Amino acid sequence: MVKYITEVPGYPTAHSPYSHAVIANGFIFVSGQIAVRPGGGPMDVVGATMQEQTRQAMRNVETVLKAAGSGLDKVVKVTVLLAKPDQMKEMNEAYAEFFPGDKPARAIARFGPEIPGILVSIEAMAVAD
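Residues numbered from 1 in each chain as written. Predicted model: local features only at pLDDT ≥ 70, side-chain atom pairs only at ≥ 80, totals over all residues. Heavy atoms only, no water.

In this structure, what is going on with the pairing of strand S4 (residues 75–82)? I would like to understand it.
Sheet faces and side chains relate simply in a regular strand, where the side chains alternate between the two faces. Pairing geometry for S4 and strand S6 (residues 120–127), over seven bridges, is antiparallel. Bridging across to S6, Lys 77 finds its partner in Met 125. Summarising the sheet, S4 and strand S5 (residues 105–110) pair through six bridges and their orientation is parallel. Each bridged residue has a counterpart across the sheet, and for Leu 81 the counterpart in S5 is Ala 109. (Pairing = 2+ DSSP bridges. Helix = DSSP H or I, 4+ residues; strand = E, 2+ residues; numbered from the N terminus.)

Quick look at the structure:
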């Protein structure tokens, strides 16, 4: 097995013991991305609504994938964690903007412990180029 840790230039460093992405055996595993501001601190959150946070979290997934040499078009599986499952409709509206063609497989679950100000976290698995 070949394993690489991906560094993301200009992206907030991880605030816990994890990597933003790991490349192994032809796949990229992107850790759960929240709506942090690129160039900001690890908890500098963008947006107060589910749609705003979903869009930023997806842009962050895309940024991490690009740093790993891939993109959203290579995503095969997504897991979405929601702080407020009753806002799934709002999350779906924003999420759909990022996958206009073929959709990846997806799972949705509720956050365990709440993180103040965080409405959504999105992790992804993609094929490495």
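Mind showing me how you'd approach the packing of aromatic side chains here?
Remark: the centre distance and the inter-plane angle together describe each pair of aromatic rings, the angle taken between the planes. Following the criterion strictly, the structure yields two aromatic pairs and no others. Measuring from centroid to centroid gives 6.4 Å for Phe 27 and Phe 29, while their planes differ by 50°, and the two rings are tilted. Looking at Phe 29, the relative accessible area reads 35%, which means it is partly exposed. In this structure, Arg 106 is placed above the aromatic ring of Tyr 95, and the distance from its NZ or CZ to the ring centre is 4.7 Å. (Phe/Tyr/Trp six-rings, centres within 6.5 Å; stacked < 30°, edge-to-face > 60°. Buried < 20%, exposed > 50% of the residue type's maximum accessible area, 1.4 Å probe, protein only. Lys NZ or Arg CZ within 6 Å of the ring centre and 35° of its normal.)

Just to check I follow, could you spell out unusual backbone geometry for this structure?
Where the residue is not glycine, phi is negative for most of them; where a peptide bond is considered, it is trans in most cases. A positive phi angle, close to 50°, is found at Asn 25, a residue other than glycine. Mapped onto the elements, Asn 25 comes out in the loop between strand S2 (21–24) and strand S3 (27–33). Look at Asn 25 and you get exposed, because its relative accessible area is 53%.

Sorry if this is basic, but what is going on with the packing of helix H1 (residues 50–67) against helix H2 (residues 88–96) here?
Describing two packed helices takes the angle between their axes plus the distance from one axis to the other. Taken N-terminus to C-terminus, the directions of H1 and H2 make an angle of 40°; their axes are 8 Å apart at the nearest point. Taken together, H1 and H2 sit at an angle that is classed as oblique. Judged by the twist between their axes, the crossing of H1 over H2 is right-handed. Residues Met 50, Gln 51, Thr 54, Arg 55 and Met 58 of H1 touch H2, and the partners they reach there are Glu 90, Met 91, Glu 93, Ala 94 and Tyr 95. For the contact of H1 with H2, a count of residues per class yields five nonpolar, two polar and three charged. (Axes fitted to C-alpha atoms, helices over the stretch in contact; angles between N-to-C directions. Parallel < 35°, antiparallel > 145°, perpendicular 65-115°, else oblique. Left-handed = near helix turned anticlockwise from the far one by under 90°. Contact = heavy atoms within 4.5 Å. Nonpolar A, V, L, I, M, F, W, Y, C, P; charged D, E, K, R; others polar.)

Quick question: what am I supposed to make of the side chain of Thr 54 here?
Looking at where Thr 54 falls in the secondary structure, it is placed in helix H1. There is a polar contact of 2.8 Å between the side chain of Thr 54 and the backbone oxygen of Met 50. Those residues in contact with Thr 54 that sit more than four places away from it in its chain are Met 91, Ala 94, Tyr 95, Val 120 and Ile 122. (Polar contact = N/O pair within 3.5 Å; in protein donor to acceptor, adjacent residues only side chain to side chain.)

What should I look at first to understand the pattern of salt bridges in this one?
Two side chains of opposite charge can pair, provided their charged atoms sit close to one another. Going through the model one piece at a time under the given rule, you end up with four salt bridges. One salt bridge in this structure joins Lys 89 and Glu 93, with 3.0 Å as the shortest N-O distance. With Lys 89 and Glu 93 both in helix H2 and four residues apart, the pair spans about one turn of that helix. The exposure class assigned to Lys 89 is exposed, which follows from its relative accessible area of 58%. (Salt bridge = Lys/Arg side-chain N within 4 Å of Asp/Glu carboxyl O.)

Got a minute to help me understand a nonpolar patch on the surface in this structure?
Together, Phe 27, Phe 29, Val 76, Met 125 and Val 127 give the surface a local cluster of nonpolar side chains, amounting to about 360 Å² of exposed area. By secondary structure assignment, the location of Met 125 is in strand S6. On the accessibility criterion, Met 125 (30% relative accessible area) is partly exposed. (Patch = residues over 30% accessible without salt bridge, like charges linked within 9 Å, V, L, I, M, F, W, Y side chains within 5 Å. Areas by Shrake-Rupley, 256 points an atom, 1.4 Å probe, with all protein chains shown as cover.)

Would you mind going over the side chain of Ser 121 with me for this structure?
Within the secondary structure, Ser 121 sits in strand S6. Once residues lying within four places of it in the same chain are set aside, the contact partners of Ser 121 are Gly 32, Gln 33, Ile 34, Thr 79, Val 80, Leu 81 and Phe 111.

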